[in-house]
Amino acid sequence: MTSGITPPSGAAAGVDLSGRTAMVTGAGSGIGRACARALAAAGAFVHVIDLDAGAAESVAGSVGGRAHVVDLAEGPLLAELPTDIDILVNNAGLQHVAPLDEFPIERFELLQRVMVRAPFLLIRRTLPHMYTRGWGRIVNISSVHGLRASAFKAGYVTAKHAVEGLSKVAALEGAPHGVTSNCVNPGYVRTPLVERQIAAQAAAHAIDPEQVVGEVLLSRSSIKRLIEPEEVADVVVWLCGPHTGYITGASVPVDGGWSAA
(Lines give C-alpha, C1' and ligand atoms only; values in the text may rest on other atoms or scores of the structure.)
Protein backbone atom coordinates (compact mmCIF):
# COMPACT_ATOMS: atom_id res chain seq x y z
CA MET A 1 0.00 0.00 0.00
CA THR A 2 1.64 3.24 -1.11
CA SER A 3 1.24 6.82 0.03
CA GLY A 4 1.29 8.79 -3.22
CA ILE A 5 3.65 11.31 -1.65
CA THR A 6 6.45 12.83 -3.70
CA PRO A 7 9.70 10.90 -3.04
CA PRO A 8 12.38 12.60 -0.95
CA SER A 9 15.14 14.52 -2.70
CA GLY A 10 18.00 13.96 -0.20
CA ALA A 11 20.13 10.91 0.58
CA ALA A 12 17.04 8.69 0.47
CA ALA A 13 16.15 9.61 -3.13
CA GLY A 14 15.81 6.50 -5.26
CA VAL A 15 14.82 4.21 -2.38
CA ASP A 16 11.61 2.44 -3.35
CA LEU A 17 9.68 0.99 -0.40
CA SER A 18 6.46 0.31 -2.28
CA GLY A 19 4.64 -2.63 -0.73
CA ARG A 20 6.51 -2.31 2.57
CA THR A 21 4.82 -1.56 5.88
CA ALA A 22 6.63 0.59 8.43
CA MET A 23 6.06 1.42 12.09
CA VAL A 24 7.58 4.53 13.67
CA THR A 25 7.34 5.23 17.39
CA GLY A 26 7.26 8.78 18.71
CA ALA A 27 6.13 9.78 15.23
CA GLY A 28 3.97 12.72 16.26
CA SER A 29 6.81 15.24 16.10
CA GLY A 30 10.52 15.76 15.59
CA ILE A 31 12.64 12.93 14.19
CA GLY A 32 9.75 10.46 14.28
CA ARG A 33 7.50 12.70 12.20
CA ALA A 34 10.29 13.28 9.70
CA CYS A 35 10.88 9.51 9.47
CA ALA A 36 7.18 8.82 8.92
CA ARG A 37 7.07 11.38 6.14
CA ALA A 38 10.26 10.15 4.48
CA LEU A 39 9.23 6.48 4.61
CA ALA A 40 5.81 7.31 3.20
CA ALA A 41 7.41 9.40 0.48
CA ALA A 42 9.48 6.34 -0.46
CA GLY A 43 6.28 4.34 -0.85
CA ALA A 44 5.81 2.60 2.51
CA PHE A 45 2.56 2.42 4.41
CA VAL A 46 3.32 3.88 7.84
CA HIS A 47 1.86 3.08 11.25
CA VAL A 48 2.30 6.24 13.33
CA ILE A 49 2.77 5.58 17.06
CA ASP A 50 2.58 8.40 19.58
CA LEU A 51 1.24 9.23 23.02
CA ASP A 52 -0.29 12.47 21.68
CA ALA A 53 -3.50 11.53 19.87
CA GLY A 54 -3.81 14.79 17.95
CA ALA A 55 -0.22 14.67 16.75
CA ALA A 56 -0.42 10.99 15.75
CA GLU A 57 -3.63 11.50 13.79
CA SER A 58 -2.29 14.62 12.10
CA VAL A 59 0.89 12.89 10.91
CA ALA A 60 -0.95 9.72 9.87
CA GLY A 61 -3.44 11.79 7.91
CA SER A 62 -0.69 13.69 6.12
CA VAL A 63 1.12 10.51 5.01
CA GLY A 64 -1.85 8.26 4.33
CA GLY A 65 -0.95 6.03 7.26
CA ARG A 66 -2.65 4.84 10.43
CA ALA A 67 -2.41 6.42 13.87
CA HIS A 68 -2.03 4.42 17.09
CA VAL A 69 -2.20 6.23 20.42
CA VAL A 70 -0.06 4.19 22.80
CA ASP A 71 1.88 4.85 25.99
CA LEU A 72 5.07 2.88 25.31
CA ALA A 73 5.86 2.85 29.02
CA GLU A 74 2.93 0.48 29.47
CA GLY A 75 4.23 -2.80 28.07
CA PRO A 76 0.90 -4.68 27.77
CA LEU A 77 -0.48 -1.96 25.47
CA LEU A 78 2.10 -2.83 22.82
CA ALA A 79 0.23 -6.10 22.26
CA GLU A 80 -2.45 -4.03 20.48
CA LEU A 81 -0.04 -2.92 17.75
CA PRO A 82 0.24 -4.74 14.41
CA THR A 83 2.92 -7.38 13.90
CA ASP A 84 3.02 -7.46 10.07
CA ILE A 85 5.77 -4.86 9.97
CA ASP A 86 8.66 -4.81 7.48
CA ILE A 87 10.40 -1.68 8.79
CA LEU A 88 10.53 -0.86 12.50
CA VAL A 89 11.86 2.52 13.59
CA ASN A 90 12.28 2.74 17.37
CA ASN A 91 12.42 6.48 17.90
CA ALA A 92 10.35 7.45 20.95
CA GLY A 93 12.31 8.96 23.80
CA LEU A 94 12.39 11.43 26.62
CA GLN A 95 14.99 13.18 28.74
CA HIS A 96 15.62 14.04 32.37
CA VAL A 97 18.62 15.97 33.63
CA ALA A 98 19.84 15.61 37.21
CA PRO A 99 22.98 14.64 39.15
CA LEU A 100 23.32 10.89 39.73
CA ASP A 101 22.90 11.19 43.48
CA GLU A 102 19.67 13.14 42.98
CA PHE A 103 18.31 11.34 39.90
CA PRO A 104 14.71 10.27 40.64
CA ILE A 105 14.45 6.49 40.53
CA GLU A 106 11.00 6.59 38.94
CA ARG A 107 12.26 8.83 36.10
CA PHE A 108 15.25 6.55 35.50
CA GLU A 109 12.93 3.56 35.27
CA LEU A 110 10.53 5.42 32.96
CA LEU A 111 13.33 6.19 30.51
CA GLN A 112 14.33 2.52 30.44
CA ARG A 113 10.74 1.39 29.86
CA VAL A 114 10.23 3.74 26.92
CA MET A 115 13.67 3.57 25.30
CA VAL A 116 14.80 -0.01 26.07
CA ARG A 117 11.89 -2.26 27.03
CA ALA A 118 9.52 -0.93 24.37
CA PRO A 119 12.05 -1.41 21.51
CA PHE A 120 12.78 -4.92 22.83
CA LEU A 121 9.08 -5.81 22.88
CA LEU A 122 8.44 -4.35 19.44
CA ILE A 123 11.44 -6.10 17.89
CA ARG A 124 10.34 -9.35 19.54
CA ARG A 125 6.79 -8.94 18.13
CA THR A 126 7.75 -7.98 14.58
CA LEU A 127 10.71 -10.29 13.89
CA PRO A 128 8.58 -13.37 13.08
CA HIS A 129 6.88 -11.49 10.21
CA MET A 130 10.23 -10.20 8.93
CA TYR A 131 11.67 -13.73 9.11
CA THR A 132 8.72 -15.09 7.15
CA ARG A 133 9.16 -12.44 4.48
CA GLY A 134 12.91 -12.96 4.32
CA TRP A 135 13.40 -9.21 4.58
CA GLY A 136 13.25 -6.65 7.36
CA ARG A 137 14.79 -3.42 8.55
CA ILE A 138 15.11 -2.39 12.20
CA VAL A 139 16.40 1.12 12.74
CA ASN A 140 16.90 2.32 16.29
CA ILE A 141 17.21 6.06 16.76
CA SER A 142 19.99 6.05 19.30
CA SER A 143 22.12 9.13 19.93
CA VAL A 144 25.68 10.30 20.19
CA HIS A 145 24.90 9.54 23.83
CA GLY A 146 24.75 5.88 22.85
CA LEU A 147 28.48 6.23 22.10
CA ARG A 148 29.56 8.98 24.48
CA ALA A 149 28.44 10.04 27.95
CA SER A 150 27.46 13.41 29.34
CA ALA A 151 27.13 14.35 32.98
CA PHE A 152 23.68 14.61 34.55
CA LYS A 153 22.01 12.36 31.95
CA ALA A 154 22.26 8.96 33.64
CA GLY A 155 18.84 7.77 32.51
CA TYR A 156 19.21 8.81 28.88
CA VAL A 157 22.82 7.67 28.44
CA THR A 158 22.07 4.31 30.05
CA ALA A 159 19.04 3.74 27.81
CA LYS A 160 20.87 4.70 24.63
CA HIS A 161 23.84 2.46 25.44
CA ALA A 162 21.38 -0.39 26.12
CA VAL A 163 19.58 0.01 22.80
CA GLU A 164 22.96 -0.15 21.04
CA GLY A 165 23.47 -3.62 22.50
CA LEU A 166 19.92 -4.69 21.70
CA SER A 167 20.38 -3.56 18.11
CA LYS A 168 23.56 -5.61 17.71
CA VAL A 169 21.89 -8.76 19.03
CA ALA A 170 19.01 -8.25 16.59
CA ALA A 171 21.57 -7.82 13.81
CA LEU A 172 23.29 -11.11 14.62
CA GLU A 173 20.06 -13.08 14.94
CA GLY A 174 18.38 -11.43 11.97
CA ALA A 175 21.21 -11.80 9.46
CA PRO A 176 20.33 -15.35 8.31
CA HIS A 177 16.75 -14.16 7.68
CA GLY A 178 17.47 -11.08 5.57
CA VAL A 179 16.86 -8.70 8.48
CA THR A 180 19.24 -5.86 9.29
CA SER A 181 19.37 -3.88 12.51
CA ASN A 182 21.24 -0.61 12.90
CA CYS A 183 21.40 2.47 15.08
CA VAL A 184 21.39 6.06 13.91
CA ASN A 185 23.28 8.31 16.30
CA PRO A 186 22.40 11.99 16.00
CA GLY A 187 23.84 14.84 17.99
CA TYR A 188 21.48 17.64 18.95
CA VAL A 189 18.52 17.74 16.56
CA ARG A 190 16.05 20.59 16.23
CA THR A 191 13.19 18.81 18.04
CA PRO A 192 10.72 19.78 20.79
CA LEU A 193 12.83 17.78 23.28
CA VAL A 194 15.96 19.78 22.45
CA GLU A 195 14.07 23.08 22.31
CA ARG A 196 12.91 22.43 25.88
CA GLN A 197 16.49 21.70 26.93
CA ILE A 198 17.62 24.98 25.38
CA ALA A 199 14.93 26.93 27.24
CA ALA A 200 15.76 25.21 30.54
CA GLN A 201 19.50 25.84 30.17
CA ALA A 202 18.92 29.47 29.22
CA ALA A 203 16.79 30.00 32.32
CA ALA A 204 19.18 28.11 34.61
CA HIS A 205 22.27 30.03 33.46
CA ALA A 206 20.55 33.35 32.73
CA ILE A 207 21.93 33.43 29.19
CA ASP A 208 20.46 33.83 25.73
CA PRO A 209 19.12 30.66 24.04
CA GLU A 210 21.56 31.18 21.15
CA GLN A 211 24.41 31.05 23.65
CA VAL A 212 23.07 27.76 24.97
CA VAL A 213 23.13 26.30 21.46
CA GLY A 214 26.59 27.57 20.57
CA GLU A 215 28.40 27.35 23.88
CA VAL A 216 26.71 24.41 25.61
CA LEU A 217 24.98 22.02 23.22
CA LEU A 218 27.41 22.32 20.32
CA SER A 219 30.62 22.66 22.30
CA ARG A 220 31.75 19.15 21.27
CA SER A 221 30.43 19.25 17.71
CA SER A 222 32.70 20.32 14.85
CA ILE A 223 29.72 21.51 12.78
CA LYS A 224 28.18 24.35 14.72
CA ARG A 225 24.49 24.03 13.97
CA LEU A 226 21.56 21.92 15.09
CA ILE A 227 20.76 18.92 12.93
CA GLU A 228 17.42 19.03 11.11
CA PRO A 229 15.04 16.07 11.65
CA GLU A 230 14.87 15.49 7.90
CA GLU A 231 18.63 14.83 7.81
CA VAL A 232 18.20 11.99 10.29
CA ALA A 233 15.17 10.66 8.40
CA ASP A 234 17.17 10.51 5.18
CA VAL A 235 19.70 8.22 6.87
CA VAL A 236 16.87 6.01 8.17
CA VAL A 237 15.38 5.57 4.70
CA TRP A 238 18.85 5.03 3.20
CA LEU A 239 19.37 2.12 5.62
CA CYS A 240 16.20 0.56 4.19
CA GLY A 241 17.41 0.84 0.60
CA PRO A 242 18.80 -1.70 -1.88
CA HIS A 243 22.46 -0.76 -1.44
CA THR A 244 22.63 -1.13 2.35
CA GLY A 245 21.62 -4.77 2.80
CA TYR A 246 25.14 -5.61 3.98
CA ILE A 247 25.13 -2.90 6.66
CA THR A 248 23.98 -4.37 9.96
CA GLY A 249 24.96 -4.10 13.59
CA ALA A 250 26.28 -0.61 12.85
CA SER A 251 25.98 2.72 14.62
CA VAL A 252 25.80 5.53 12.07
CA PRO A 253 26.93 8.87 13.56
CA VAL A 254 25.00 11.95 12.44
CA ASP A 255 26.66 14.17 14.99
CA GLY A 256 28.71 16.81 13.22
CA GLY A 257 31.99 15.17 14.25
CA TRP A 258 31.19 14.94 17.98
CA SER A 259 32.15 11.26 18.27
CA ALA A 260 35.23 11.71 16.11
CA ALA A 261 37.07 13.57 18.84
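Structural data are supplied above this passage.
Residues numbered from 1 in each chain as written. Predicted model: local features only at pLDDT ≥ 70, side-chain atom pairs only at ≥ 80, totals over all residues. Heavy atoms only, no water.

**Some points on the layout of surface pockets**
Any space left empty among the atoms is revealed by the rolling of a water-sized probe across them. Within this model, the largest pocket holds a volume of roughly 870 Å³. What lines the largest pocket is a set of 41 residues, among which N91, A92, G93, L94 and L193 lie closest to the centre. Here the element with the most residues in the lining of the largest pocket is helix α5 (residues 192-205); it accounts for 5 residues. Considered class by class, the residues forming the lining of the largest pocket number 21 nonpolar, 14 polar and 6 charged. The space that makes up the second largest pocket amounts to roughly 480 Å³. Surrounding the second largest pocket, 22 residues form its lining, V97, K153, Y188, Q197 and Q201 being those nearest its centre. Secondary structure elements with two or more residues in the lining of the second largest pocket: α5 and α6 (209-217). Residue composition of the lining of the second largest pocket, by class: 11 nonpolar, 7 polar and 4 charged. (1 Å grid on protein atoms, 1.4 Å probe; cavity = no way out; pocket = protein on both sides within 12 Å on 5 of 7 lines; lining within 4 Å. Points joined across faces, edges and corners; volume = space filled by probe spheres on them. Helix = DSSP H or I, 4+ residues; strand = E, 2+ residues; numbered from the N terminus. Nonpolar A, V, L, I, M, F, W, Y, C, P; charged D, E, K, R; others polar.)

**Regarding the sheet that holds strand β1 (residues 21-25)**
Read across the sheet, 7 strands follow the order β3-β2-β1-β4-β5-β6-β7 without closing on themselves; strand pairing throughout is parallel. This sheet does not close on itself; its edge strands, each paired only once, are β3 (66-69) and β7 (251-254). Neighbouring strand axes in the sheet, compared pairwise and without regard to direction, differ in orientation by 15° on average. The sheet contact formed by strand β5 (residues 136-141) and strand β6 (residues 179-186) spans 6 bridges and is parallel. Across the sheet, the residue bridging to G136 is V179, located in β6. (Pairing = 2+ DSSP bridges. Axes fitted to C-alpha atoms, helices over the stretch in contact; angles between N-to-C directions.)

**With respect to the pairing of β5**
Among the 6 residues of β5, 6 are classified as buried, and the element is accordingly described as predominantly covered. Here β5 shows no split at all, with G136, I138 and N140 on one side and R137, V139 and I141 on the other all buried. With 4 bridges joining them, strand β4 (residues 87-90) and β5 adopt parallel strand pairing. The residue of β5 that forms the bridge with V89 is V139. Handedness of the crossover joining β4 and β5 through helix α3 (residues 105-133): right-handed. Regarding the hand of the β-α-β motif, the stretch spanning β5, helix α4 (residues 154-174) and β6 is right-handed. (Buried < 20%, exposed > 50% of the residue type's maximum accessible area, 1.4 Å probe, protein only. Right-handed = clockwise from strand over helix to strand, strands pointing away.)

**Regarding the packing of α3 against α4**
Viewed as axis vectors pointing N to C, α3 and α4 meet at an angle of 15°, and their least axial separation amounts to 8 Å. It follows that α3 is roughly parallel to α4 by the angle criterion. The interaxial crossing formed by α3 with α4 has right-handed handedness. When α3 is examined against α4, the residues F108, L111, Q112, M115, V116, P119, F120, I123 and Y131 are found in contact with a partner set consisting of A154, G155, Y156, T158, A159, K160, A162, V163, L166, A170, E173 and G174. The class makeup of the residues in the contact of α3 with α4 is 15 nonpolar, 4 polar and 2 charged. (Parallel < 35°, antiparallel > 145°, perpendicular 65-115°, else oblique. Left-handed = near helix turned anticlockwise from the far one by under 90°. Contact = heavy atoms within 4.5 Å.)

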